[in-house]
Structures are given as C-alpha cells and as structure tokens.
Amino acid sequence: MSQLPISRYPVPDLDSLPADILSRILAVQEKARFIPNVFLTLAHRPEEFRAFFAYHDAIMEREGSTLSPTEKEMIVVATSAANGCQYCVVAHGALLRVFSKEPQLADQIAVNYLHAPISEKQKAMLAFALKLSRTPELVAQSDYDQLKSHGYDDEDILDMAGVTAFFGLSNRMAIVTNMQANSEFYTMAREPKS
C-alpha cells in the first residue's frame, strides 16, 4: 500500500517556520514523541495556525470547565465520525483511549455512541453535540431542558457547543487538505487495562 502525502497542500520545512510556531511544534513533539500531522499541515498558513490552536486551547483546556478531557474527546470523536473526518476520528480516538483508559471506547463512540458503555448523562451530551453538528437549525429549548435534567448547566452547554463548533471547522479543514493520520495514533492506548 502506498503512503499518501500528509496534506494536499505544501508542508513547510520545520526550519522555515516562525519561531513561535516551531516552538509549539517542538513542545508537542517532545511530549508525544512525534509531530501530529495537523501541526505540519496547518503551518502552511501561520496566522491561521495561531488562531486555530489559540481557540483549540481556549475550549479544550478552559479553566473551570466541568466537562472532563474524556468527555470533550467523546464529543470530538462522535461529531467527527458524523462529519466523516477520518483524521479527527483517528487522532482524537487515540486521545480518548488515553484519557479514558478504555481501549475500545473511541471505536464504540465513533460507530454508535448509543451502544457505548457510557452514562445516560454522557449520551445526552453526545445527542446534543450531534444535533448541533448535523442539524443546528433544529436545536430548541427542549434540548437545553434535556441537558439540564441530566445536571448540565449553561456553561456546560456552551462548552459542548464550543467543542462541537470548533471541531466542525477542524473536520472540514482536515477533509479539504486530505490530512492523513499519523501511524502512531493507531496504536496509542490499545492494550486492555489491567
């Protein structure tokens, strides 16, 4: 099987990048032991790279958020699967496996979250995220009431919306650039917990 290029757009050499972008990429490489292709692909347009990762950090690492990293990754995997984004399902499926310590959970959520071993509260969260992703014009007061009946508040709902909306953008950029998932993602956290 032939190896596809990581993007249909030019991927800049690391030594040609602005210092702040290179620093961010090298920090990720040090932590992950590889450079996720999203960083290399988006570095093609430095200003957009900066804006993309600034908003990513603002929603995924928001101080005070009561949604856990696992729950945020559940939203990313479910909505990315609905949007047909292979890169995000693979990459964030790996992160979901790492955060949840459940080797099958990402695949189960990507295929059909209703059959995944998650709480009813988390299923309500994913139902809302998928509705917002697929048919945002149909979001109604009843959706907020449903979430609140499960214990979510307005800030939680805004977090769900932010993750869903941001990854709608991310999915579309990954699809248009034909971004390829790193091979490292496929094996991350696949072993059953002991």
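The name given to the chain in an unreviewed UniProt entry is Peroxidase-related enzyme, with Amphritea atlantica as the source organism.

## Concerning the nonpolar core
Judged by nonpolar contacts, the single largest core of 52 residues is most densely connected at Tyr 87, Ile 109 and Leu 126. Counting only elements with at least two residues in this core, the list comes to helix 1 (19–32), helix 2 (37–42), helix 3 (46–60), helix 4 (69–82), helix 5 (86–100), helix 6 (105–112), helix 7 (120–134) and helix 9 (154–177). Leaving out residues up to four positions away in the same chain, Leu 126 has contacts with Met 74, Ile 75, Ala 78, Ile 109, Tyr 113 and Ile 118.

## Describing the UniProt feature "domain: Carboxymuconolactone decarboxylase-like" (unreviewed entry) in the chain
Feature annotation in UniProt places "domain: Carboxymuconolactone decarboxylase-like" (unreviewed entry) on residues 46–101, given in this structure's numbering. The span residues 46–101 is 79% helix and 0% strand, and its two end C-alpha atoms sit 34 Å from each other.

## Side note on the side chain of Asn 182
Examined against the element boundaries, Asn 182 turns out to sit in the loop between helix 9 and helix 10 (183–187). Reaching out from Asn 182, the side chain makes a polar contact with the backbone oxygen of Ile 35 at a distance of 2.9 Å. If sequence neighbours within four positions are ignored, Asn 182 has contacts with Phe 34, Ile 35, Pro 36, Asn 37 and Tyr 87.

## Structural notes on the packing of helix 4 against helix 7
With their axes 9 Å apart at the nearest point, helix 4 and helix 7 run at an angle of 40° to one another. With respect to helix 7, the axis of helix 4 lies oblique. As helix 4 packs across helix 7, the resulting crossing turns out to be right-handed. In contact with Glu 71, Met 74, Ile 75, Ala 78, Thr 79 and Ala 82 of helix 4, helix 7 contributes Gln 122, Met 125, Leu 126, Ala 129, Leu 130, Ser 133 and Arg 134. The class makeup of the residues in the contact of helix 4 with helix 7 is 8 nonpolar, 3 polar and 2 charged.

## Remarks on the side chain of Lys 123
Considering the arrangement of structural elements, one finds Lys 123 in helix 7. Excluding anything up to four places from it in sequence, Lys 123 contacts Tyr 113, Leu 114, Ala 116 and Ile 118.

## Some words on the pattern of salt bridges
What the rule picks out here adds up to 8 salt bridges. One salt bridge in this structure joins Glu 48 and Arg 45, with 3.2 Å as the shortest N-O distance. Counted as one network, the salt bridges with shared partners bring together Asp 20, Glu 47 and Arg 50.

## Observations concerning helix 9
Between its terminal C-alpha atoms helix 9 stretches 35 Å, which fits the 34 Å expected from 24 residues at 1.5 Å a residue. In this structure Asp 153 caps helix 9, since a side-chain oxygen of it lies 3.0 Å from the backbone nitrogen of Glu 155. Positive backbone phi, at 55°, marks Asn 178, one or two positions downstream of helix 9.

## So, unusual backbone geometry
Positive phi is not limited to glycine here, since Lys 101 has a value of about 60°. Along the polypeptide, Lys 101 turns up in the loop between helix 5 and helix 6. We classify Lys 101 as exposed; its relative accessible area is 56%. The backbone of Asn 178 sits at a positive phi, close to 55°, despite the residue not being glycine. Residue placement: Asn 178 occurs in the loop between helix 9 and helix 10. For Asn 178, a relative accessible area of 33% puts it in the partly exposed group.

## Observations regarding the packing of helix 3 against helix 9
Closest axis-to-axis distance for the helix 3/helix 9 pair is 10 Å, and the angle between their directions is 155°. Considering the angle they form, helix 3 stands roughly antiparallel to helix 9. Classified by chirality, the crossing of helix 9 by helix 3 is left-handed. On helix 9, the residues touching Phe 52, Tyr 55, His 56, Ile 59 and Met 60 of helix 3 are Gly 162, Val 163, Phe 166, Phe 167, Leu 169 and Ser 170. Among the residues forming the contact of helix 3 with helix 9, the class breakdown is 8 nonpolar, 3 polar and no charged.

What counts, and where the lines are drawn
- Residues numbered from 1 in each chain as written.
- Predicted model: local features only at pLDDT ≥ 70, side-chain atom pairs only at ≥ 80, totals over all residues.
- Heavy atoms only, no water.
- Core = buried A, V, L, I, M, F, W, Y, C linked by side-chain atoms within 4.5 Å.
- Buried < 20%, exposed > 50% of the residue type's maximum accessible area, 1.4 Å probe, protein only.
- Helix = DSSP H or I, 4+ residues; strand = E, 2+ residues; numbered from the N terminus.
- Contact = heavy atoms within 4.5 Å.
- UniProt positions renumbered as here; feature names shortened; annotations may be inferred.
- Polar contact = N/O pair within 3.5 Å; in protein donor to acceptor, adjacent residues only side chain to side chain.
- Axes fitted to C-alpha atoms, helices over the stretch in contact; angles between N-to-C directions.
- Parallel < 35°, antiparallel > 145°, perpendicular 65-115°, else oblique.
- Left-handed = near helix turned anticlockwise from the far one by under 90°.
- Nonpolar A, V, L, I, M, F, W, Y, C, P; charged D, E, K, R; others polar.
- Salt bridge = Lys/Arg side-chain N within 4 Å of Asp/Glu carboxyl O.
- Expected span 1.5 Å × (residues − 1).

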